[in-house]
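These are the residues of each chain, in order.
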Amino acid sequence: DQLESTGVETISFDGSEFDTPEAYAAALRELGAALGLEHKADALAAELESDIAILDEKRDDSSPSFVALMARGPSIMAMGENNALPGLAVRAGATNAAADIGLTTTAPIDAEQLLKANPEIIFVEDFNGSGLEPFQEMLDNPALADVEAIKNDRLVLVPMNEASALAGLNMPTGYEKILTEVQK
């Protein structure tokens, strides 16, 4: 409001406008139009859409269950499908085991809930290069040894710059990793 009151043109994006390839492409085109770079933005958005469409064609009828985990501070959370990483997993054909136990939005998850969800795959967001470290205590819990994803070593680390609202034009790279795991 302060910038607009001084005559500075502003554009505001909600984080959800970067959670799907289609939403990101639309935001990219909007930004390109505002900056007078319509052709460049449209070319980048079209390339993103094309890369995603090519990957979509590779989907098969696999439907393993998954949980997508993220860590912020001391909290480990299951991501809701409105986030990019689990949204891409669903797009790849997987089913969200966290939703099956009532975690439909991003929320803290504990070992008991993870055991109850018993996902075949656990996608882990690599937040700022921290890797599995924030999750290790939970994942090493002996009570989780029989969780399908842990037992079968299907813990998939996905960098946040490939499958999050920050992924941007790298989203096809993250989607390909997720799709490849879903189809194993």
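These numbers come from a predicted model, not from an experiment.

**Q** Pulling in residues and values, what's your account of helix H4 (residues 84-91)?
**A** Of all the residues in H4, the buried ones are Ala 84, Leu 85, Pro 86, Leu 88 and Ala 89. Its buried side turned inward, H4 meets helix H2 (21-35), strand S1 (65-72), strand S5 (121-126), strand S6 (155-159) and helix H9 (171-182). With its phi angle positive at about 110°, Gly 93 sits one or two positions after the end of H4.

**Q** Could you give an account of the confidence of the model for the chain, naming the residues involved and the relevant values?
**A** Atom-level detail of predicted coordinates should not be read off regions where pLDDT is low. Of all residues in the chain, 100% attain a pLDDT of 70 or more, and the chain-wide mean is 93. Averaged over each element, pLDDT in the chain is lowest for helix H1 (residues 2-5) (82) and highest for helix H3 (residues 38-56) (97).

**Q** Break down the nonpolar core for me, citing the residues and quoting the values.
**A** In this structure, Phe 66, Leu 85, Phe 123, Val 158, Tyr 175, Ile 178 and Val 182 are the most contacted members of the largest nonpolar core, which totals 31 residues. Counting residues per element, the ones that place at least two in this core are H2, H3, S1, H4, S5, S6 and H9. Not counting the four nearest positions on each side in its chain, Tyr 175 is found in contact with Ile 52, Leu 55, Asp 56, Arg 59, Leu 88, Arg 91, Ala 92 and Glu 162. Listed in part, the 22 residues of the second largest apolar core include Val 67, Leu 69, Ala 111 and Ala 117.

**Q** Tell me what's going on with the packing of aromatic side chains, and back it up with residues and numbers.
**A** Counted by the stated rule, this structure contains three aromatic pairs. Taking the centre distance of 5.6 Å and the plane angle of 55° together, the rings of Phe 13 and Phe 18 count as tilted. With a relative accessible area of 25%, Phe 13 lands in the partly exposed category. Linked through ring pairs, Phe 13, Phe 18 and Tyr 24 together constitute an aromatic cluster. The lysine or arginine in question, Arg 72, covers the ring of Phe 127, its NZ or CZ lying 3.8 Å from the ring centre.

**Q** Can you break down the packing of H3 against H9 residue by residue, with the values?
**A** At a closest axis distance of 9 Å, the pairing of H3 and H9 adopts a crossing angle of 10°. Judged by the inter-axis angle, H3 sits roughly parallel to H9. Taken together, the residues of H9 that come into contact with H3 (itself represented by Leu 48, Asp 51, Ile 52, Leu 55 and Asp 56) are Met 171, Pro 172, Tyr 175, Glu 176 and Leu 179. A breakdown of the residues in the contact of H3 with H9 according to their chemical character gives seven nonpolar, no polar and three charged.

**Q** Any details on unusual backbone geometry? Residues and values, ideally.
**A** A positive phi angle, near 50°, is found at Asn 128, a position not held by glycine. Here Asn 128 lies in the loop between S5 and helix H7 (136-139). You will see that Asp 153, though not glycine, has its phi angle at about 50°, which is positive. Relative to the assigned elements, Asp 153 resides in the loop between helix H8 (148-151) and S6.

**Q** For H2, give the residues involved together with the corresponding values.
**A** In a regular helix each residue adds 1.5 Å, so 15 residues correspond to 21 Å; H2 covers 21 Å between its end C-alpha atoms and thus fits that length. Three or more residues of H2 are buried, namely Pro 21, Tyr 24, Ala 25, Ala 27, Leu 28 and Gly 32. For H2, the angular spread of buried residues about the axis comes to 165°, placing them on one side. In the core, the buried residues of H2 are packed alongside H3, H4 and H9. Just past H2, the residue Gly 36 takes up positive phi, approximately 75°.

Rules behind the numbers
- Residues numbered from 1 in each chain as written.
- Predicted model: local features only at pLDDT ≥ 70, side-chain atom pairs only at ≥ 80, totals over all residues.
- Heavy atoms only, no water.
- Buried < 20%, exposed > 50% of the residue type's maximum accessible area, 1.4 Å probe, protein only.
- Helix = DSSP H or I, 4+ residues; strand = E, 2+ residues; numbered from the N terminus.
- Contact = heavy atoms within 4.5 Å.
- pLDDT = per-residue confidence, 0-100.
- Core = buried A, V, L, I, M, F, W, Y, C linked by side-chain atoms within 4.5 Å.
- Phe/Tyr/Trp six-rings, centres within 6.5 Å; stacked < 30°, edge-to-face > 60°.
- Lys NZ or Arg CZ within 6 Å of the ring centre and 35° of its normal.
- Axes fitted to C-alpha atoms, helices over the stretch in contact; angles between N-to-C directions.
- Parallel < 35°, antiparallel > 145°, perpendicular 65-115°, else oblique.
- Nonpolar A, V, L, I, M, F, W, Y, C, P; charged D, E, K, R; others polar.
- Expected span 1.5 Å × (residues − 1).
- Arc of directions from axis to C-beta.

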